[in-house]
Amino acid sequence: SLIASGIVTFISSVFLLSSNEIKDMISLWQIKSIYKTKSEMNSKANNYLENAKTKIDIIAIGMTNYISARGDVLKEKSQNGVKIRIISCKSNEMLLQREKDEAVNITRNPTGKLKEEVLDLYKWVDNLKFAGCDISLRFHDTYPGFSYLRIDDHIFWGPNLPLKKSQQNIAFEFYLYR
C-alpha cells in the first residue's frame, strides 16, 4: 500500500505540475493557440495581416511562399504606414546546412536554393523601398532556429526543426495585452 500511495502521489504531482504550467502559459504568457503546423496557423495570421495597423516584424529566411501569397498585402500595408521589419540569414554555410537538415533524403546535396531565396527577398525589399515603402531588411550571421511573425500585438512563433520543412513545424500564437 505504501508503494501504491507513492505511485499515486507521484502521478498526481506530475499532473498538477503540468496543469499549473499550462495555466501559467495561458495566463502569464498570454498564449492564444497552439497549431499542429505553421500551415494551419497561416489562415489566422493572414486575417491579422489584412487588419494590420502599425507594425509587422518577421524573422524568416527567403519568405518565397509568403511573398507569393501575401506580398501584395505587405506592400499595401507598408504604403499605408505600417512599418515592416524583416530579419534573415546571410550565412551561406548556415543556409546550406539548413538545406541538409530539411532533406528527407540524406544523400541529396544542397543546391543553394535558400541562398537564392534570400537574394530574391533582398531584391523584393529593395524594390519596395524604391517605391516608398517603410520596410527594412537586416541580416544575421546564423540560421534562426525558429520563425517569428508579429502583426501589431499578435505574435506567431514556431521552431525550425531538422528533417521538417518550416511549414510542417508546430506553431504558437501569443497576444500582447497592454
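Preceding this paragraph is the structure being described.
Residues numbered from 1 in each chain as written. Predicted model: local features only at pLDDT ≥ 70, side-chain atom pairs only at ≥ 80, totals over all residues. Heavy atoms only, no water.

A few points about the pattern of salt bridges
Counted by the stated rule, this structure contains five salt bridges. The partner of Lys 90 in a salt bridge is Asp 141, with the nearest N and O atoms 3.6 Å apart. Within this pair, whereas Lys 90 is found in the loop between strand 3 (83-89) and helix 4 (92-102), its partner Asp 141 is found in the loop between strand 4 (135-140) and strand 5 (146-151), the two being separated by 51 residues in sequence. Residue classification places Lys 90 among the exposed positions, given a relative accessible area of 54%. According to the relative accessible area criterion, Asp 141 is partly exposed, its value standing at 49%. (Salt bridge = Lys/Arg side-chain N within 4 Å of Asp/Glu carboxyl O. Helix = DSSP H or I, 4+ residues; strand = E, 2+ residues; numbered from the N terminus. Buried < 20%, exposed > 50% of the residue type's maximum accessible area, 1.4 Å probe, protein only.)

Re the side chain of Glu 117
In this fold, Glu 117 is placed in helix 5 (residues 113-130). Judged by relative accessible area, which is 15%, Glu 117 ranks as buried. The residues contacting Glu 117, other than those within four sequence positions of it, are Gly 62 and Thr 64. (Contact = heavy atoms within 4.5 Å.)

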